[in-house]
Amino acid sequence: MKIGSLPARIAWRYLRAPKSHSAVSAISIISVVGVAIATAAIVCVLSVFNGFRGLLSDTLDLLAPDVLVTPATGKTFADADSLLNIINKIDGVGTAMPTVTDNALAIYNAKEMPITLRGVVPEIYSEITEIDSLFVNGEGIADYSPDDAAVSVGVAQQLGTGAGSEGLFLFAPKREGRVNLSNPMASFLTDSVSVRGIFQSLQSEYDENTVICDISTARELFQYTTEATAIEINTDPDADISGVASEINKALGEKAVVKDRFQQQETHFRMVNIEKWMTFLLLIFILMIASFNIISTLCMLIIEKQSSMATMSALGMNRRQIGKTFWWESIYVSLAGGIGGIIIGVALCLIQEKFGLIKLGGDPDILVVHAYPVIVEWSDLLVALIPVAAIGIITAWISAAFARSRVDINH
């Protein structure tokens, strides 16, 4: 390796040369290894969060419609059919359907739990989304009758249901009338469905307590006729989703909130990014702790090289040049640890991506993904090197100042 300046060449020689004290050599190795491990951890953690973000994007794409229309005020659209007529006339709109979503109570074999009941048009819902690909047990919903339903893995686990289970009772309070205290059950409407399938989306809002049924069943249970809580739209393959969403927004005006696919996912991506960069900051603190080993190593090296420093001074090197020698020494140690950590981190991520050695906890039969997903982004490698470089420069200045002070002591 060719190093330009004299202090840099001397520092490179010090880095490669054996130390007279074994403790100095051991601490030097520990310093490089500590920085490498912290850097590799940063690369691995950022790549895992990238993997979960990619997985989240894929699963959201499977469940989210291209365009979602919800009421600007209130809970429902009073006449969903009239809105559907307006929406279907807009260029770029492929398929649109009303949905009804509300809270209910599910009971099965003396077990009960609150659920979110989603009423859809089964054959259209299977076209608008990729829900059928998320089933881990049973059948997709394309041919469901009003007496059929699909439940999430959370509902299946808590109630003990499975594909083919019958007698899943659904309860919802009547929207009108008084509560009869002598007979509280008279204040509820009830229906029963058969479980045709179990799905898992890897999204807590769907997986914890969701039951999907025919919209006619949901409307009857919640005492709706033509109302809908949302309208889900699938655009034509060659249509611009954002442009179609904008046209729908203009057509419906202030009575509706229109969101394209990205706007529906905005909150989820924001949370993943917040968790990613908060974890990144915590790992930087660990990296800073590892940098103390670099400072201690260089201070011991400076003490060990007292005679060499006196020789350099006698040969004409000034205090600044001698300090610069140990400045470069700190830079080399930081770079060795940082680059080594990048290589180790990328290698571990590629191994995980290829072989999936580290598995996710949970029942493999109901997991869509069995190993931690990883995606290595080269921009993250640069992000990982930035704190290493910053810490290297800070420790370099500290080492250089200590070296200059030792020259003053000897002369």
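Presented here is a report on the structure given in the accompanying data block. Only a predicted model underlies this, so the values are computations on that prediction, with no experimental measurement involved.

## Some details on the overall build of the chain
A tally of helices and strands in the chain yields 12 helices and 10 strands. Looking at the chain residue by residue over its 411 residues, the buried ones come to 47%. Contacts in the chain between residues at least 24 apart in sequence constitute 79% of all its contacts with a sequence separation of at least 6. Summed over all atoms, the accessible surface of the chain reaches about 20,300 Å², with 60% contributed by carbon and sulfur.

## With respect to helix α10 (residues 306-314)
Taken residue by residue, α10 has Q306, M309 and M312 as its buried positions. Looking down the long axis of α10, one finds its buried residues gathered within 120° of arc, a one-sided arrangement. Every exposed residue of α10 that faces more than 90 degrees away from the buried side is listed here: S307 and A314.

## Overview of the pairing of strand β7 (residues 188-199)
As judged from the 3 bridges shared by strand β4 (residues 135-138) and β7, these two strands associate in the antiparallel manner. Among the inter-strand pairings, G138 is bridged to a residue of β7, identified as G197. Here 5 bridges tie strand β5 (residues 148-152) to β7, and the two strands are oriented parallel to one another. Note that in β7 the partner of D148 across the bridge is S194. Sheet topology note: the strand β6 (residues 168-173)/β7 ladder contains 6 bridges and is antiparallel. Bridge pairing in β7 places A172 opposite L189.

## Observations regarding helix α8 (residues 241-252)
Under the 1.5 Å per step criterion, the end-to-end length of α8 is 16 Å for 12 residues, consistent within 8% with the ideal 16 Å. Taken together, the buried positions of α8 are V244, A245, I248 and L252. Viewed along the axis of α8, the buried residues span an arc of 100°, placing them on a single side of the element.

## A short note on the packing of helix α9 (residues 261-304) against helix α11 (residues 319-355)
Between α9 and α11, the shortest axis-to-axis distance is 11 Å and the interhelical angle comes to 140°. On the basis of the axis angle, α9 is oblique to α11. For the crossing formed where α9 meets α11, the hand is right-handed. Residues I294, L298, L301 and I302 of α9 lie in contact with α11, whose contacting residues are F326, E329, S330, V333 and S334.

## Brief notes about the packing of helix α3 (residues 80-88) against α8
Interhelical geometry of α3 versus α8 gives an angle of 130° and a closest axis separation of 10 Å. The orientation of α3 relative to α8 falls into the category oblique. Handedness of the crossing formed by α3 with α8: right-handed. Taken together, the residues of α8 that come into contact with α3 (itself represented by L83, I86 and I87) are I248, A251 and L252. Residue composition of the contact of α3 with α8, grouped by class: 6 nonpolar, no polar and no charged.

## Section: the side chain of R196
Looking at where R196 falls in the secondary structure, it is placed in strand β7. One polar contact links R196 to E139, side chain to side chain, over a distance of 2.4 Å. A distance of 2.6 Å separates polar atoms of two side chains, one belonging to R196 and the other to D148. Apart from the residues within four sequence positions on either side, R196 is in contact with G138, E139, D143, Y144, D148, A149 and A163.

## Re the pattern of salt bridges
All chains considered together, the criterion is met by 9 salt bridges. The shortest N-O distance in the salt bridge between R118 and E232 comes to 2.9 Å. Taken as a pair, R118 in strand β3 (residues 111-120) and E232 in strand β9 (residues 230-235) lie far apart in primary sequence, 114 residues in all. The exposure class assigned to E232 is buried, which follows from its relative accessible area of 4%. Where E139 meets R196, a salt bridge forms, and the shortest distance between an N and an O atom there is 2.4 Å. On the criterion of sequence distance, the pair formed by E139 in the loop between β4 and β5 and R196 in strand β7 is long-range, its members being 57 residues apart. With a relative accessible area of 41%, E139 lands in the partly exposed category. The network of salt bridges with shared partners includes E139, D143, D148 and R196.

## Some details on the nonpolar core
By size, the foremost hydrophobic cluster in this structure holds 42 residues, and its most contacted members are I115, L117, I131 and L168. In terms of residues, this core owes the most to one element, strand β2 (residues 93-108), which gives 5 residues. Once residues lying within four places of it in the same chain are set aside, the contact partners of I131 are L62, L63, Y125, S126, I141, F199 and I212.

## Regarding the environment of D380
Relative to the helices and strands, D380 resides in helix α12 (residues 378-410). Separated by 333 residues in the primary sequence, D380 and S47 place their C-alpha atoms 7.9 Å from one another. Those residues in contact with D380, other than ones at most four positions away along the chain, are L46, N50, K276 and W277. A distance of 3.4 Å separates the side chain of D380 from the side chain of K276, its partner in a polar contact.

About the cut-offs
Residues numbered from 1 in each chain as written. Predicted model: local features only at pLDDT ≥ 70, side-chain atom pairs only at ≥ 80, totals over all residues. Heavy atoms only, no water. Helix = DSSP H or I, 4+ residues; strand = E, 2+ residues; numbered from the N terminus. Buried < 20%, exposed > 50% of the residue type's maximum accessible area, 1.4 Å probe, protein only. Contact = heavy atoms within 4.5 Å. Areas by Shrake-Rupley, 256 points an atom, 1.4 Å probe, with all protein chains shown as cover. Arc of directions from axis to C-beta. Pairing = 2+ DSSP bridges. Expected span 1.5 Å × (residues − 1). Axes fitted to C-alpha atoms, helices over the stretch in contact; angles between N-to-C directions. Parallel < 35°, antiparallel > 145°, perpendicular 65-115°, else oblique. Left-handed = near helix turned anticlockwise from the far one by under 90°. Nonpolar A, V, L, I, M, F, W, Y, C, P; charged D, E, K, R; others polar. Polar contact = N/O pair within 3.5 Å; in protein donor to acceptor, adjacent residues only side chain to side chain. Salt bridge = Lys/Arg side-chain N within 4 Å of Asp/Glu carboxyl O. Core = buried A, V, L, I, M, F, W, Y, C linked by side-chain atoms within 4.5 Å.

By themselves, these figures tell us nothing about what the structure is for.
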